[in-house]
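Residue-level listing of the chains:
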Amino acid sequence: LGKLATAAAQCSDSCPTSSFPDNAKACHPCAVGCATCGADGICTDCLVFHASYQGQCVFVFAIGFVIVVAVLVAVFSAGVMRFMCLSLTSPRNAKVLKEALEHRRRTKVRDFSLAGNPVYDFDDTNPRRQNIAGVAYMLYFRYVAFLAAFFVLILLGLTALRYLPIVVDEKKMDVANLAVLGSVYGLCLLATLRWVWTQHVVAKEDVEDDPHMRNFAVVAEGFPKSARSCHEVKAFFETVLGFDVEGVSIAYDFQEEEEFVVDRIDRVIEKADGHLGVYPVELSGLESHVGDNQDGYVLDCLLNSGYAFVVFSREEDREFCLRRFADIGKHASKRVSETYDSSDTSEDDLDNGAAQGLQDAEGRSRSVLFRGKFPIKVGPAPEACGVLWRNFSVEPPARIPRIGLAVAACLVLIVIIGAVLLSPGILFQMSYKNTPSPGRTEFLLYLLEQTVSCWAVALSNRAIIALFRAAVAGAGFLQRVNEEVVCLCCSAFALSLNCVAHIVVGCLVAEAEDTVVTISLTVKNLFHTLCAHLVVSEGERIGVPLWTYWTAHFAVRQTKYMSVRESEPTMVAEEMDLMVRYVDLWLLCGLVSALVGLDPTSLYTVTAVVLALCYGISIYLLDKLRFLRQVAQVHKTSSKLDVAHNYLSFGPPSVLFVAVLYRAPVKVPDSPGMIILMALAHWLICCIFVRGIQQCTVPARELTDVPYIEVASLQAYNYFNTNPVHVLRTLHFPSIVVPPIYPLAPGKEYLQGGQFSDYDDPHRLRETLMLLIRSPLKSTGNQPPR
């Protein structure tokens, strides 16, 4: 922004904003930041959100932003000084701190297939090809590698544009520039298509070649709230199917008792650690637990959310179960439809006929209905590590209103920040560019407004991501990957809009005031936004875990009466958030593509591409180091997040397509709405190709003879030990049909025995488990096992 549409040599009755006419009716620019001025050039009114101070128009939002940043820096400095002072004092709880740090080391990524469970070797480990903690990490590292190749292609194209004037005649420069830019677009589009294909092939091979726990389980829906007993559900499936099942894990509604359940699970782990000698018993806090006799009553009152996971011993049994219940559903639907099609049937008879169709369709008896009246639906189960047991509820959550409210709040935030607070800064930069000879003070104010605008956008991006994460976390999704997919899509849309909202609003204001948009100022703003985005995102990724760690470290160190059970959760290593990484890298790629599309010969564009390339290479190595050495081992075995990102990944090529189209010798409307419409049309066409690739790479897995027990021995998690209420009920109401088990917690994989155990003698684990059954948690009265 910044070029007057009315030239100074032309006569005009009215001049655009930040300018004034002289006696000859020629327009001249006002002082920097001035909206209107007199014939002598003296400012009479500043721009919106600007105030006059000592003859200069100062950005009010910039003053407030600087004050807030100064306060945050002061708080951060005070926190650092506090940490330094605490480090000089003598520790009050050194033994507990030692055990908490040891627990933190155990939570990190380890190779459980080797003796001693060592960490993975950094040089010999290839996260793009090795399935360390799920296929999702493999797909992510493959994306980072692709992104580096994507930036290399763009850099080669920009280099060719730089040397075109040397080898091409000046008259043919427009055609040559179009050819090079079109080649860059074509290569980037083909590279993206090939990368999407390889991602789907990798996900397909993971499903077909590697056995997963979901291949042995189904999720059943339709149980009444009173169906609390795994015995009853297990007996129902065995009656319908005609063979034994491995086990049943009921999804209970414990949202109101979540604190109680988490506390009891922690106490179970604490007692097991004390008996196994993981740490001295005097460091535990078992003596503080009271009211054990009420635990069984609370657990027995938890309701069934309507879902249950049924695990089979063989894959063939699971496939038979799916076919069996599918046939039952088809026959019931057929019977109901025949009943409803009868022309001489009353409304009461229709209801009775529907019930009768569910009960005796095709000769079926009431035995195929749970308790003789509840029809059960069965479908494939997700992997156990991705099930969010805490979100199961009897009442269905209002997901769409909650997410819709978050989107509306986000749009309001973008409008307030972009259109109201930051767009006046763009107008200020316009007036600065129009000033023939600005002084030093004007230059400093211009630099301040540009810096504040870009950094405010970068910081608001983190606030938007946090807003969506909170909204999605409270929406009640039953799978972790579904949470991440929704948050990815919402965040990508909101962040892309937030980065350009203030520029678009500034363009609209400029157009209304008879000014036009200059590419150079837009490119400069996008470049600084890109740099601020990289600094803020990496600062958050490094600073927040460090701050959290040292806060917990000194809290444990200086609290005299904190037990190991209370300290371990605070010292768990952070999780590698793939969703945020995908959003940040996608936004980086989009900003680079926008810069290339606006002005591929600008020094800012070339610098941005080189910076993005160096960032892509470095982030691959840094994320590999974080994944293998710093973050917690959280299994992510679903490729849904990468599939959703595959659709979004064609946004940057769509931006390049619009840039090529506008440089082609065709008449195209240059309105902002038409530009967005064409980019959206190109993106939708690419999404059709992605959908076709997805259909061509559908996994076709053949059933194997590998039993469930063998697959379960390779993973620490399963559908039983990840369900906290199921674990507590097995300890309160143990039986041969539903045997007691250890819970699974970060860093506590050794309790599962086998290759995960630190102990060579499995008898100690069984002995400890028997002690947990007999003494720690008691039920109310002598009730039979449930």
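## With respect to the overall build of the protein chain
Counting its regular elements, the protein chain contains 22 helices and 12 strands. Taking all 786 residues of the protein chain together, the buried fraction comes to 50%. Summarising the internal contacts of the protein chain: among those between residues at least 6 apart in sequence, 79% fall at separations of at least 24.

## Focus on unusual backbone geometry
The residue Asn117 is not glycine, and still its phi comes out positive at about 50 degrees. Within the fold, Asn117 resides in the loop between helix H2 (94-106) and helix H3 (135-167). The phi torsion at Arg371 lies on the positive side, around 60 degrees, for a residue other than glycine. Residue placement: Arg371 occurs in the loop between helix H9 (347-360) and strand E11 (377-380).

## Side note on helix H15 (residues 578-598)
Taking 1.5 Å per residue as the helical rise, H15 with its 21 residues ought to reach 30 Å, and the 30 Å between its terminal C-alpha atoms agrees with that figure. Counting buried positions over the 21 residues of H15 gives 18, a clear majority of the element. Where H15 begins, the side chain of Asp577 points an oxygen toward the backbone nitrogen of Met579, at a separation of 3.3 Å.

## Concerning the side chain of Glu538
The topology assignment puts Glu538 in helix H13 (residues 519-558). Reaching out from Glu538, the side chain makes a polar contact with the side chain of Arg541 at a distance of 2.6 Å. For Glu538, the contacting residues outside a window of four places in its chain are Arg581, Tyr615 and Ile619.

## Details of the sheet that holds strand E10 (residues 303-311)
Two pairing modes exist for strands in a sheet, parallel and antiparallel, and in both the strands are linked by backbone hydrogen bonds. On the basis of which strands lie adjacent, the open sheet formed by 4 strands has the order E9-E10-E8-E11 and antiparallel pairing. Lying at the two open borders of the sheet, with one neighbouring strand each, are strand E9 (247-253) and E11. The sheet shows a mean angle of 30 degrees between the axes of neighbouring strands, direction not considered. As paired strands, strand E8 (residues 217-221) and E11 are joined by 4 bridges and run antiparallel to one another. If you follow Val218 over to E11, its bridge partner there is Pro380. Of the strands in this sheet, E8, E9, E10 and E11 are in contact with helix H5 (residues 230-241), which crosses E9 at around 130 degrees.

## Quick look at the packing of aromatic side chains
Overall, the coordinates contain 32 aromatic pairs when judged by the stated rule. On the basis of an interplanar angle of 45 degrees and a centroid distance of 5.3 Å, the ring pair of Tyr143 and Trp195 is categorised as tilted. One end of the pair, Tyr143, is in helix H3; the other, Trp195, is in helix H4 (residues 173-209), with 52 residues separating them in the sequence. Following the ring pairs from residue to residue traces out a cluster consisting of Tyr137, Tyr140, Phe141, Tyr143, Phe146, Phe150, Phe151, Trp195, Tyr582, Tyr620 and Phe627.

## Observations concerning the packing of H3 against helix H16 (residues 603-629)
Direction vectors running N to C along H3 and H16 enclose 160 degrees, while the axes themselves pass 9 Å from each other. As summarised for this structure, H3 and H16 are arranged roughly antiparallel, according to the angle between their axes. The handedness of the crossing between H3 and H16 is left-handed. Its residues placed into classes, the contact of H3 with H16 shows 21 nonpolar, 2 polar and 3 charged.

## Section: the environment of Ala62
When you line up the elements, Ala62 lands in helix H1 (residues 60-88). Considering only alpha carbons, one finds Ala62 and Thr451, 389 residues apart in sequence, at a separation of 9.0 Å. Once residues within four sequence positions are removed from consideration, Ala62 is found in contact with Leu448 and Val452.

## Quick look at the confidence of the model for the protein chain
In this model, the protein chain carries an average pLDDT of 83, and 87% of its residues clear a pLDDT of 70 or more. Low pLDDT, under 50, characterises residues 774-786; the predicted model gives this stretch 33 contacts beyond four residues in sequence or across chains.

## Regarding the nonpolar core
One recurring pattern in soluble globular proteins is that nonpolar side chains are buried together. Phe151, Ile154, Val592 and Phe627 are the most contacted members of the largest nonpolar core, which has 113 residues in total. It is H3 that contributes the most residues to this core, 18 residues altogether.

## Points about the environment of Leu447
Along the polypeptide, Leu447 turns up in helix H11 (residues 440-473). On the accessibility criterion, Leu447 (37% relative accessible area) is partly exposed. For Leu447 and Gln429, which are 18 residues apart along the polypeptide, the C-alpha to C-alpha distance reads 8.8 Å.

## So, the packing of H15 against helix H18 (residues 651-663)
Interaxial distance between H15 and H18 falls to 8 Å at its minimum, and their mutual angle equals 5 degrees. With respect to each other, H15 and H18 are oriented roughly parallel. From H15, Trp586, Cys589, Gly590, Ser593, Ala594, Val596, Gly597 and Leu598 reach across to H18, where they touch Pro652, Val655, Leu656, Ala659 and Arg663. In terms of residue class, the contact of H15 with H18 is built from 9 nonpolar, 3 polar and 1 charged.

## Some remarks on the pairing of E8
In terms of residue burial, E8 counts as a mostly covered element, since 4 of its 5 residues are buried. The sheet contact formed by E8 and E10 spans 5 bridges and is antiparallel. Bridge pairing in E10 links Val218 to Val310.

Reading the values: the criteria
- Residues numbered from 1 in each chain as written.
- Predicted model: local features only at pLDDT ≥ 70, side-chain atom pairs only at ≥ 80, totals over all residues.
- Heavy atoms only, no water.
- Helix = DSSP H or I, 4+ residues; strand = E, 2+ residues; numbered from the N terminus.
- Buried < 20%, exposed > 50% of the residue type's maximum accessible area, 1.4 Å probe, protein only.
- Contact = heavy atoms within 4.5 Å.
- Expected span 1.5 Å × (residues − 1).
- Polar contact = N/O pair within 3.5 Å; in protein donor to acceptor, adjacent residues only side chain to side chain.
- Pairing = 2+ DSSP bridges.
- Axes fitted to C-alpha atoms, helices over the stretch in contact; angles between N-to-C directions.
- Phe/Tyr/Trp six-rings, centres within 6.5 Å; stacked < 30°, edge-to-face > 60°.
- Parallel < 35°, antiparallel > 145°, perpendicular 65-115°, else oblique.
- Left-handed = near helix turned anticlockwise from the far one by under 90°.
- Nonpolar A, V, L, I, M, F, W, Y, C, P; charged D, E, K, R; others polar.
- pLDDT = per-residue confidence, 0-100.
- Core = buried A, V, L, I, M, F, W, Y, C linked by side-chain atoms within 4.5 Å.

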